[in-house]
Amino acid sequence: MSRVLNGSSNVSEKTRKKVMEVMEEYDYTPNAFARGLGLNTMNTIGILCADSSDLYLAKAVYYIEQSLRANNYDSLLCCTGYDLQNKEKCLELLLSKKVDSIILVGSNFIGETAADNKYIRDAAAEVPIMLLNAALDSPNVYSIVSDDYRSMYEAASALISAGIRDILYFYNSNSYSGRHKLSGYQAAMTDAGITLPPSMTQFYTGSHEDIDAMTQTLFNVSKRGIKFNGVIAADDNLAVAAVKYARQKDLKIPEELAVIGYNNSILTTCCEPELTSIDNKLETLCQQLITSLMGVLAGNSIPKKALFSGELIKRGTTPF
């Protein structure tokens, strides 16, 4: 039976037909793991995602699974949360399933220290590791990255050019991507000769789904006497909260408060006015990641890192 399933040329057409008839009669389904042992491939890719309720990460997983399926690969998904120990356990679990490669979706898997990233380097000694929107310089690790630094720099510069200088930066992550976004904002302000107090960068620690709590954070900032006429948010959830804050404060948008989000998600058209946001080209990133992965699995020489530019999508929350 295995030679029939694997397309062996040593099986006669008569025998092949008989085996296939028996399989159909008994509704036989080949065991992928058993076949993988013989073929030295499972045609299965492991996917790690920190939080499938996050709009950005969920969309990324969708694009990746669609592209894998188009290339005749199955996938196994593990949602790890943000704890390092859980990430390590989930990575070990996928390795135990003999997957051909593992994709880490999102920048939260890359820590700031070598110790934080050891589990990725160890896994890369066994299978290729693909990073979506994060980078790690290590053998058998391939990175597909959006230029978050440049995108945030250009967004802040656009507000400054429009005469908006008191720009509050509202963020919720110190991940690889989060650090680059913050640096881009800070560089734009510095290059424009604008010195703002630390209070103009506000870190939100609550749930990414609790927009009311995000809105209240901005009210708390205002109550402390911190004045701002622009908000750049590290994701669209935070930006929608800024729009909600402006509405409740009776501030005109964008005349009295301009707002820019990040990710260009479905939320951008769910508020009034519609939200200006940075499109980090997620679909393009995911497609390139799978293209690179297929090349790696085919034994081709593939660049270790590919960098893509984002685009500021202008809508009603900015004056340009």
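Presented here is an overview of the structure given in this document. (Residues numbered from 1 in each chain as written. Predicted model: local features only at pLDDT ≥ 70, side-chain atom pairs only at ≥ 80, totals over all residues. Heavy atoms only, no water.)

### Considerations on the sheet that holds strand β10 (residues 276-279)
And step 1. Here we have six strands laid out as an open sheet, ordered β7-β6-β8-β9-β10-β12, and mixed in their pairing. Each end of this open sheet is capped by a strand with a single partner; those strands are β7 (201-203) and β12 (311-313). Neighbouring strand axes in the sheet, compared pairwise and without regard to direction, differ in orientation by 20° on average.
And step 2. Note: strand β6 (residues 167-171) against β7, three bridges, orientation parallel. Across the sheet, residue Phe-170 finds its bridge partner in β7, namely Gln-202.
And step 3. Helix α9 (residues 211-223) contacts β6 and β7 of the sheet and is inclined by roughly 145° relative to β6. (Pairing = 2+ DSSP bridges. Helix = DSSP H or I, 4+ residues; strand = E, 2+ residues; numbered from the N terminus. Axes fitted to C-alpha atoms, helices over the stretch in contact; angles between N-to-C directions. Contact = heavy atoms within 4.5 Å.)

### Quick word on the sheet that holds strand β11 (residues 305-308)
And step 1. Spatially, six strands are ordered β2-β1-β3-β4-β5-β11 in an open sheet, and the strand pairing comes out parallel. A strand with exactly one partner marks an edge of an open sheet, and here the two such strands are β2 (74-79) and β11. Across the sheet, the mean angle from the axis of one strand to that of its neighbour is 15°, orientation sign disregarded.
And step 2. With five bridges joining them, strand β1 (residues 44-49) and strand β3 (residues 101-105) adopt parallel strand pairing. Of the residues in β3, the one forming a bridge with Cys-49 is Val-105.
And step 3. The sheet strands contacting helix α5 (residues 84-96) are β1, β2 and β3, and the helix crosses β1 at an angle near 170°.

### Brief notes about the packing of α9 against helix α10 (residues 236-248)
And step 1. Two elements in contact, α9 and α10, have axes whose closest approach is 8 Å; the angle formed by their N-to-C orientations is 60°. With respect to α10, the axis of α9 lies oblique. When you trace α9 past α10, the crossing you get is right-handed. Contact residues: Ile-211, Asp-212, Met-214, Thr-215, Leu-218, Phe-219 and Ser-222 in α9; Asn-237, Leu-238, Val-240, Ala-241, Ala-242, Lys-244, Tyr-245 and Gln-248 in α10.
And step 2. Residues that form the contact of α9 with α10 fall into these classes: nine nonpolar, four polar and two charged. (Parallel < 35°, antiparallel > 145°, perpendicular 65-115°, else oblique. Left-handed = near helix turned anticlockwise from the far one by under 90°. Nonpolar A, V, L, I, M, F, W, Y, C, P; charged D, E, K, R; others polar.)

### A few points about the nonpolar core
And step 1. Membership of the largest hydrophobic core comes to 48 residues, with the highest contact counts inside it found for Ile-167, Tyr-169, Tyr-185, Phe-228 and Ile-232.
And step 2. Among the secondary structure elements, those contributing two or more residues to this core are α7 (148-161), β6, α8 (176-191), α9, β8 (230-233), α10 and β9 (258-262).
And step 3. The dominant element in this core, judged by the number of residues it contributes, is α10, at eight residues.
And step 4. Sequence-distant contacts of Tyr-185, that is, excluding residues within four places in its chain, are made with Met-152, Tyr-153, Ala-156, Ile-167, Tyr-169, Leu-196, Met-200, Thr-201 and Ile-232.
And step 5. With 27 residues, the next largest nonpolar core counts Ala-50, Ile-103, Leu-285 and Ile-290 among its residues. (Core = buried A, V, L, I, M, F, W, Y, C linked by side-chain atoms within 4.5 Å. Buried < 20%, exposed > 50% of the residue type's maximum accessible area, 1.4 Å probe, protein only.)

### Considering the pattern of salt bridges
And step 1. The tally for this structure, following the rule as stated, stands at four salt bridges.
And step 2. Lys-118 is paired through a salt bridge with Asp-122; the nearest N and O atoms lie 2.7 Å apart. Of the two residues, Lys-118 and Asp-122 both sit in helix α6 (residues 118-124), four residues apart, roughly one turn of that helix.
And step 3. The exposure class assigned to Lys-118 is partly exposed, which follows from its relative accessible area of 49%.
And step 4. Using a relative accessible area of 40% as the deciding quantity, one classes Asp-122 as partly exposed.
And step 5. Here Asp-212 ties to Lys-244 by a salt bridge, and the two come within 2.3 Å at their closest N and O atoms. Note that Asp-212 is positioned in helix α9 and Lys-244 in helix α10, a separation of 32 residues in sequence. (Salt bridge = Lys/Arg side-chain N within 4 Å of Asp/Glu carboxyl O.)

### With respect to α8
One turn of an α-helix holds 3.6 residues; hence residues three or four places apart share an orientation.
And step 1. Under the 1.5 Å per step criterion, the end-to-end length of α8 is 23 Å for 16 residues, consistent within 8% with the ideal 22 Å.
And step 2. Turning to α8, its buried residues number three or more, namely Tyr-176, Ser-177, Gly-178, Lys-181, Leu-182, Gly-184, Tyr-185, Ala-187, Ala-188 and Met-189.
And step 3. Once α8 ends, the next one or two residues include Gly-193, with phi positive near 75°. (Expected span 1.5 Å × (residues − 1).)

### Considering the side chain of His-208
And step 1. Residue position: His-208 is located in the loop between β7 and α9.
And step 2. What makes His-208 buried here is its relative accessible area of 16%.
And step 3. Within the local environment of His-208, its side chain forms a polar contact with the side chain of Ser-53, the two groups lying 3.2 Å apart.
And step 4. Setting aside residues no more than four positions away along its own chain, His-208 makes contact with Asp-51, Ser-53, Asp-54, Met-214 and Asn-237. (Polar contact = N/O pair within 3.5 Å; in protein donor to acceptor, adjacent residues only side chain to side chain.)

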